[in-house]
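Residue strings, one per chain:
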Amino acid sequence: MVRAAVMALAVFMLLVLPADAQSSVDECAAPEINVLATVGMIADVAANIGGTCVEVRALMGPGVDPHLYSATERDVEYLFDADVIFYGGLHLEARMIDVFEQVREGLHKPVVAVSERVPEELRLSADDYPDPHVWMDVSLWMSAAEEIRDTLVTYYPAHADYFRANTDAYLAQMSELDQYVRDQIARIPEEQRLLVTAHDAFQYFSRAYGIEVYAPQGISTQAEVGVQDIRDTIRLLVERRIPAIFVETSVSPDVIEAIIAGAGAQGHAVTIGGSLFSDAMGDAGTPEGTYLGMIRANTDTIVSGLLGE
Ligand SMILES: [Zn+2]
């Protein structure tokens, strides 16, 4: 009796549901969730996972430095209006921590530090501070994607299957990119596999992909670069015959220029190998304006710079 009823229901559903109902049932006809992210690398992942159900706004656009960023009055309005807030955490947005606390406690909505999903034992630090630049290791940034997925699934369960499917598709792309970076960096001869750039955003990249990094400015862009730091960098470049060093889109190039001049004075020509995206993505609408494109562009710039191409 029960079996007959189930069969009848199944036949009924086959008849009334359109063929593509299974895949489209969780999508949204219009955005339903207002997501606010701090940096582009988070906003882009959230947009990929949330798909048609989210409207994503990033507080910090291309070229903006999250270490020094303070919330403007308009940002506070955005924070109040948002349904979900994603930030990096691990002290990335050092001057916004109080604002996040206030919003979290006062407004009772999800305010989620996506990088803090990374297990303690896989986190890096420098000078007693956590290193927040987790997105530089694509395999670790996958955990940020999972944190975004789980937050959206928890608060908007009606779209859970859709968010999970989007995440799976995006994780597959991340996994492919992770392998690409590994393969490309391996093309650089070991002696020249040294990445010199102004501030230390590349420790995670270094560990994941087997390239040494040296950054005279240290972990935060707030630090002053001393004369000794610049001398040490020049000595390293001359000794290892490193052909190129790199500037970052969100950091002043002055330090890099002083290093190039110093190496030149010792008879070793160093060029600027190009601009790397460290704490912000490229312009919207360009390949570098996405997280995957940004990491790919960095990789290609580093490889051609250090191969002297
Ligand atoms: Zn940084």
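To keep things clear, this report deals only with the structure shown in the data block. Quantities reported herein were computed from a predicted structural model and do not represent experimental measurements. (Residues numbered from 1 in each chain as written. Predicted model: local features only at pLDDT ≥ 70, side-chain atom pairs only at ≥ 80, totals over all residues. Heavy atoms only, no water.)

**So, the overall build of the protein**
From N to C terminus, the protein includes 11 helices and 10 strands. The contacts in the protein between residues at least 6 apart in sequence include a share of 72% that link residues at least 24 apart. On the protein, roughly 14600 Å² of surface is accessible, and the fraction owed to carbon and sulfur atoms is 53%. (Helix = DSSP H or I, 4+ residues; strand = E, 2+ residues; numbered from the N terminus. Contact = heavy atoms within 4.5 Å. Areas by Shrake-Rupley, 256 points an atom, 1.4 Å probe, with all protein chains shown as cover.)

**As for the nonpolar core**
Of all hydrophobic cores here, the largest spans 94 residues; its most connected members are Phe86, Trp141, Met174 and Tyr291. Residue contributions to this core reach at least three from each of two domains, namely domain 1 (29–182) and domain 2 (188–306). Apart from residues lying up to four places away in sequence, Tyr291 is in contact with Met41, Asp44, Trp135, Val138, Trp141, Tyr170, Met174 and Met281. (Core = buried A, V, L, I, M, F, W, Y, C linked by side-chain atoms within 4.5 Å. Buried < 20%, exposed > 50% of the residue type's maximum accessible area, 1.4 Å probe, protein only. Domains from an automatic or database assignment.)

**Some words on the environment of Leu171**
Mapped onto the fold, Leu171 is located in helix α7 (residues 160–185). In sequence terms Leu171 and Ser139 are 32 residues apart; their C-alpha atoms lie 9.1 Å from each other. Other than its neighbours up to four places away in sequence, Leu171 contacts Met142, Ala145 and Glu146.

**Comments concerning the pairing of strand β9 (residues 244–248)**
With respect to burial, β9 is a largely interior element, five of its five residues being buried. The side-chain alternation of β9 yields two buried faces, one formed by Ala244, Phe246 and Glu248 and the other by Ile245 and Val247. Inspection of the sheet shows β9 paired to strand β10 (residues 271–276) by five bridges, in the parallel sense. When the sheet's bridge partners are listed, Ile245 is paired in β10 with Ile272. (Pairing = 2+ DSSP bridges.)

**Topic: the packing of helix α3 (residues 40–50) against α7**
It is the contact of α3 with α7, at a shortest axis distance of 7 Å, that shows an interaxial angle of 125 degrees. When the axes of α3 and α7 are compared, the pair comes out oblique. Seen from α3, the contacting residues are Asp44, Val45, Asn48, Ile49 and Gly50; seen from α7, they are Tyr162, Phe163, Asn166, Thr167 and Tyr170. A per-class count over the contact of α3 with α7 returns five nonpolar, four polar and one charged. (Axes fitted to C-alpha atoms, helices over the stretch in contact; angles between N-to-C directions. Parallel < 35°, antiparallel > 145°, perpendicular 65-115°, else oblique. Nonpolar A, V, L, I, M, F, W, Y, C, P; charged D, E, K, R; others polar.)

**Topic: the pairing of strand β1 (residues 33–37)**
Extensive coverage of β1 is indicated by the burial of four of its five residues. For the handedness criterion, the β-α-β arrangement of β1, α3 and strand β2 (residues 54–58) is classed as right-handed. (Right-handed = clockwise from strand over helix to strand, strands pointing away.)

**Focus on the packing of aromatic side chains**
Taken as a whole and judged by the stated rule, the model has six aromatic pairs. Consider the rings of Trp135 and Trp141, whose centres lie 5.9 Å apart with planes at 75 degrees: the pair is edge-to-face. Between Trp141 and Tyr291 the ring centres are 6.2 Å apart and the planes differ by 45 degrees, which places this aromatic pair in the tilted class. Here the residue Trp141 occupies a position in helix α6 (residues 138–155), and Tyr291 occupies one in helix α11 (residues 291–306), the gap between them amounting to 150 residues. Aromatic ring contacts, followed pair by pair, group Trp135, Trp141 and Tyr291 into a single cluster. Across from the ring centre of Tyr78, 3.6 Å away, lies the NZ or CZ of Arg57, which sits over that ring. Here the guanidinium or amino end of Arg296 rests over the ring plane of Tyr180, the centre of that ring lying 4.1 Å away. (Phe/Tyr/Trp six-rings, centres within 6.5 Å; stacked < 30°, edge-to-face > 60°. Lys NZ or Arg CZ within 6 Å of the ring centre and 35° of its normal.)

Spatial relationships are all this shows, so hold off on functional conclusions.
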